[in-house]
Amino acid sequence: YKGYYHLYYQTMPFSQDWGDMYWGHARSVDLVHWELMPIALFPEAHDPSSLLGVSGDGYMWSGSSFVYHKGDSKDIDNLNYFPNGNGDGLIAFYTRDGTLGGQVQVLMTSDDEGLTWTKRKVVPRNLITDNVSGINSLSSRDPKVFPIKKENNKTTMWGMIISNMEDNQVYL
């Protein structure tokens, strides 16, 4: 994106024991030489009044991102998620693992070339469970999001693939 490949990875920079996950960040112009960047995502402590509206500590698990260009989706353009990027930016989804609420998928955006992220909203669980039979939404994870329907060069429908650790299945 804008001359760089970005790599985000799970890390625990303050401990060698399993615990709260962060997203580290590195970028490269050639995929050979990498520049370590500041931590991109921090877990949030339990805060019932948080923007995400979910309970428990939130650890940053895996996810995916894609480049968004102004005009790709009327609905996204109307949200004004990218004021510093003149309508262009990055959209990502990640699995938030909370001590009290299980796992949920979170939408976040970046309008500064992936250096910082704004957590926007949690994908409602019923959006997943109402459309996929047999899935345990408390442990669905690893979201991959992509456009699946376009009309007049605008994305009108998005798809999400997630996995489920109980049965090792992948769901669309």
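This structure is a prediction, so every number in the text was calculated from the model and none was measured.

Chemist: Where do I start with the overall build of the chain in this structure?
Modeler: When helices and strands are counted, the chain shows two helices and ten strands. Start at the N end of the chain and walk to the C end: the helices and strands fall as β-β-β-β-α-β-β-β-α-β-β-β. For the chain, with 172 residues in total, the buried portion stands at 43%. Across the chain, contacts joining residues at least 24 apart in sequence account for 48% of those joining residues at least 6 apart. As presented, the chain carries roughly 9,800 Å² of accessible surface, and 52% of it is formed by carbon and sulfur atoms.

Chemist: What's the story with the pattern of salt bridges in this structure? I'm lost.
Modeler: Pairing is possible between side chains of opposite charge, provided their charged atoms come close. With the rule as written, the count across this model stands at two salt bridges. Notably, a salt bridge pairs Arg27 with Glu35, separated by 3.1 Å at the nearest N-O pair. Overall, Arg27 belongs to the buried group, its relative accessible area being 13%. Accessibility expressed as a relative area gives 37% for Glu35, which makes it partly exposed. Here Lys149 and Glu151 are joined by a salt bridge, their closest N and O atoms 3.6 Å apart. Overall, Lys149 belongs to the partly exposed group, its relative accessible area being 38%. The partly exposed category is assigned to Glu151, whose relative accessible area is 40%.

Chemist: Explain the environment of Thr155 here, please?
Modeler: Inspection of the secondary structure puts Thr155 in strand β9 (residues 154–164). When the C-alpha atoms of Thr155 and Gly71 are compared, they prove to be 9.0 Å apart, with 84 residues separating the residues in sequence. Contacts of Thr155, omitting those with residues within four sequence positions, involve Asp72, Ser73, Pro147, Lys149 and Lys150.

Chemist: When you look at the sheet that holds strand β3 (residues 34–41) in this model, what are you seeing that I'm missing?
Modeler: Taken in spatial order, the three strands of this open sheet run β1-β2-β3, and their pairing is antiparallel. Across the chains shown, the open sheet's two edge strands, defined by having one partner strand only, are β1 (5–11) and β3. Adjacent strand axes in the sheet meet at a mean angle of 30° when their direction is disregarded.

Chemist: Hey, could you run me through the packing of aromatic side chains in this one?
Modeler: Centre distance and the angle of the planes are the two values used to describe a pair of aromatic rings. Inspection of every chain in the model, using the stated rule, returns eight aromatic pairs. Where Tyr81 meets Phe82, the ring centres are 6.4 Å apart and the plane angle is 85°; that geometry is what we call edge-to-face. A relative accessible area of 3% means that Phe82 is categorised as buried. Each member of the aromatic cluster is reached from another via a ring pair, and the members are Tyr8, Trp23, Tyr94 and Trp117. One residue, Arg27, lies across the ring of Tyr4, its end atom 4.0 Å from the ring centre.

Chemist: Is there a simple way to think about the nonpolar core in this case?
Modeler: The tendency in soluble globular proteins is for nonpolar side chains to be buried side by side. Counting residues in hydrophobic clusters, the biggest one holds 14 residues, and the most contacted among them are Trp23, Leu41, Tyr94, Met108 and Trp117. Put simply, the parts of the chain that give this core at least two residues each are β3, β5 (89–98) and β6 (102–110). Core analysis: the next-biggest nonpolar cluster, separate from the first, contains twelve residues, Tyr81, Phe82, Phe93 and Met160 among them.

Chemist: When you look at the side chain of Arg27 in this model, what are you seeing that I'm missing?
Modeler: By the element assignment, Arg27 lies in strand β2 (residues 22–28). Discounting chain neighbours no more than four positions away, the residues touching Arg27 are Tyr4, Tyr5, His6, His33, Trp34, Glu35, Met37 and Leu115.

Chemist: Teacher, can you tell me more about the environment of Asp112 here?
Modeler: Position of Asp112 relative to the elements: it lies in the loop between β6 and β7 (118–122). Spatially, the C-alpha atoms of Asp112 and Pro83 are 9.7 Å apart, while their sequence positions differ by 29 residues. Within the local environment of Asp112, its side chain forms a polar contact with the side chain of Ser110, the two groups lying 2.9 Å apart.

What counts as what
Residue numbering note: each chain is counted from 1, following its sequence as written. Reporting in this predicted model follows two pLDDT cut-offs: at least 70 for local features of residues, and 80 or more for side-chain atom pairs to be given and counted; totals over whole chains, interfaces and linings ignore these cut-offs and use all residues. Side-chain calculation: all heavy atoms of the structure are included, whereas hydrogens and water are not. Per the convention used, a helix needs a DSSP run of H or I reaching at least four residues, while a strand needs a run of E reaching at least two, with both numbered from the N terminus. Buried, partly exposed and exposed residues are distinguished by accessible area as a fraction of the type maximum, computed with a 1.4 Å probe on protein chains only: under 20%, between the cut-offs, and over 50%, respectively. Whether two residues are in contact is decided by their heavy atoms, any of which lying within 4.5 Å being enough. The method behind every accessible area is Shrake-Rupley, applied with a 1.4 Å probe, and residues are considered shielded solely by the protein chains displayed. Here, a salt bridge means any side-chain nitrogen of Lys or Arg that lies within 4 Å of a carboxyl oxygen of Asp or Glu. When DSSP finds at least two bridges between two strands, those strands are taken to pair. Axis angles are defined between N-to-C directions and span 0 to 180 degrees, where every axis is a line fitted to C-alpha atoms and, for a helix, only to the segment in contact. Note on ring pairs: Phe, Tyr and Trp rings are taken, using the six-membered ring of Trp, and paired if centres are within 6.5 Å. Classes follow the plane angle, with under 30 degrees stacked, over 60 edge-to-face and the rest tilted. Geometrically, a lysine NZ or arginine CZ counts as sitting over a ring once it is within 6 Å of the ring centre and also within 35 degrees of the ring normal. Side-chain atoms within 4.5 Å are what join buried Ala, Val, Leu, Ile, Met, Phe, Trp, Tyr and Cys residues into a set we call a nonpolar core. For the purposes of these results, a polar contact is taken to be a pair of N or O atoms within 3.5 Å, where, inside protein, one atom must be able to donate a hydrogen and its partner to accept one; residues adjacent in sequence count only when each atom of the pair is a side-chain atom.

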